[in-house]
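Chain by chain, the residues:
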Amino acid sequence: MVTPVRDIRTISLPDLETLLISWNEPRFRARQLYEWLWAKGATDWEAMTNLPKALRQRLRETFTFHTLRAEVVQHSADGTIKTRWLTHDGYRIESVLIPVPEDERYTVCVSTQVGCSLTCSFCATGRMGRKRNLAAHEIYDQVVLVNHQCRQTYGHSLTNVVYMGMGEPLLNYANTLESVRRLVTPPPEGLGMSTHRITVSTAGIAKMIRQLADDGFRANLALSLHAADDAKRSTIMPINETNNLEALMQALEYCYARMRNRISYEYIAFEHFNDSLEDAAQLVHLCRRRFPVRVNIIEYNPIEGASFEKSSASRLNAFIAYLVKHGITVTVRRSRGKDIDAACGQLANK
Ligand code: SF4
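As the structure is a prediction and not an experimental result, all values here were calculated from the model.

S.K.: Can you explain the site of the ligand? Please cite residues and give values.
M.R.: All residues in the neighbourhood of the ligand are listed as Cys116, Leu118, Thr119, Cys120, Cys123, Thr125, Gly126, Met166, Gly167, Glu168, Ala203 and Gly345. Here the residues of the shell around the ligand are counted per class, giving six nonpolar, five polar and one charged.

Take a look at the structure:
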């Protein structure tokens, strides 16, 4: 038997209809099949129980079907679940489900690349290097499969998606956008999520932030800021050397003027590095641009070999109080899933 090479998920719904009609199947079968492939997140042909067995067999003989396989699932004491997925070609990536039942908020953090080419000094993923970009369906599948996991574990569907896992989404631009497009497309083609529930986070690539606006990108945008001063930011995020703060601010202004996206700054607080009142004053300055912005302060999770410490409660409280006093909207994200290396900056397929 010849091994099929074409992945069925490269075929559009109209083309599937044409194909199945040529196989003497009724048109509605194509829609049923498409629903399994995209909205229902089937991971093998056997799961497609409303398709006749003979049709499933013919499909199996004609197409490949690339999906993610859960390799390791780890449960944190705080309810966070980290899943390590195996791609069809043997790479490993990770997603994290972060439940906050009291707020009815169930968020998945997805990866966009295997590893990452940027070398932020506080991040375990950056040490892996970049192996390859994920395909759009590999990004999308993480959401669909974690949605199943969320329903089974918490009896609730996902409410939010954040592109903050392994990789820099804007360096896998086309696939990131295509995955967002599919997430917001109604079933059977997609999940029908609201763009307001989706946040793409970037380390800061000014040209691609502008491109988002030119391409009509409507989801939320988060900039991993982590320092409000160029010299300091460049020491922890080398990407800042070619994309400095002024270039990033101008790109965000451009994006907001066209798309009115919700914009936030992510700010990991490191003890005696970026948590002084002078740092807070610089951050306030960056919040006074021509777009509204909120600041998400993230508790630091030490990784092996990094020299940073997390900010003490007293320094962090003073820092936050300064921001609030100056009218900045601040949320503080306590770290989740630390015991399973699922917290921010810890994803490295351990
Ligand atoms: S923080 Fe993000 S951009 Fe920086 S190395 Fe880690 S995964 Fe890459």
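S.K.: Describe the pairing of strand β4 (residues 105–109), naming the residues involved and giving the relevant values.
M.R.: Most of β4 sits inside the fold, with four of its five residues counted as buried. The hairpin turn running from strand β3 (residues 92–100) into β4, its antiparallel successor, is four residues long, and glutamate 104 in that turn takes a positive phi close to 50°.

S.K.: Break down the sheet that holds β3 for me, with residues and values.
M.R.: As summarised here, the arrangement of the ten strands in space is β1-β2-β3-β4-β7-β8-β9-β10-β11-β12, forming an open sheet in which the pairing is mixed. Each edge of the open sheet is held by one strand with a lone partner, namely β1 (69–75) and β12 (329–333). The average undirected angle you get between the axes of adjacent strands in this sheet is 20°. As judged from the three bridges shared by strand β7 (residues 160–163) and strand β8 (residues 198–202), these two strands associate in the parallel manner. The residue bridging valine 161 from the neighbouring strand is isoleucine 198, located in β8.

S.K.: Any chance you could break down the domain arrangement of the chain for me, citing the residues and the numbers?
M.R.: Looking at the assigned domains, one finds that the chain contains domain 1 (8–62) and domain 2 (69–340). Counting residues at the interface gives eight residues for domain 1, matched by eleven residues for domain 2. Looking at which element gives the most residues to the side of domain 1 that touches domain 2, the answer is helix α2 (residues 28–39), with five residues. Of the residues belonging to the side of domain 1 that touches domain 2, the class tally is four nonpolar, one polar and three charged.

S.K.: Give me the lowdown on the packing of helix α9 (residues 277–286) against helix α10 (residues 313–325), citing residues and values where you can.
M.R.: Running from N to C, α9 and α10 point in directions that differ by 30°, and their axes come no closer than 9 Å. One element, α9, and the other, α10, form an angle in the roughly parallel class. Handedness of the α9/α10 crossing: right-handed. Residue-level contacts link Leu277, Ala280, Leu283 and Val284 of α9 to Ala318, Phe319, Tyr322 and Leu323 of α10. When grouped by side-chain class, the residues that make up the contact of α9 with α10 number eight nonpolar, no polar and no charged.

The rules behind each value
Residues numbered from 1 in each chain as written. Predicted model: local features only at pLDDT ≥ 70, side-chain atom pairs only at ≥ 80, totals over all residues. Near = placed C-beta within 6 Å. Nonpolar A, V, L, I, M, F, W, Y, C, P; charged D, E, K, R; others polar. Buried ≥ 20, exposed ≤ 12 C-beta atoms within 10 Å, placed from the backbone. Helix = DSSP H or I, 4+ residues; strand = E, 2+ residues; numbered from the N terminus. Pairing = 2+ DSSP bridges. Axes fitted to C-alpha atoms, helices over the stretch in contact; angles between N-to-C directions. Domains from an automatic or database assignment. Contact = placed C-beta atoms within 7 Å. Parallel < 35°, antiparallel > 145°, perpendicular 65-115°, else oblique. Left-handed = near helix turned anticlockwise from the far one by under 90°.

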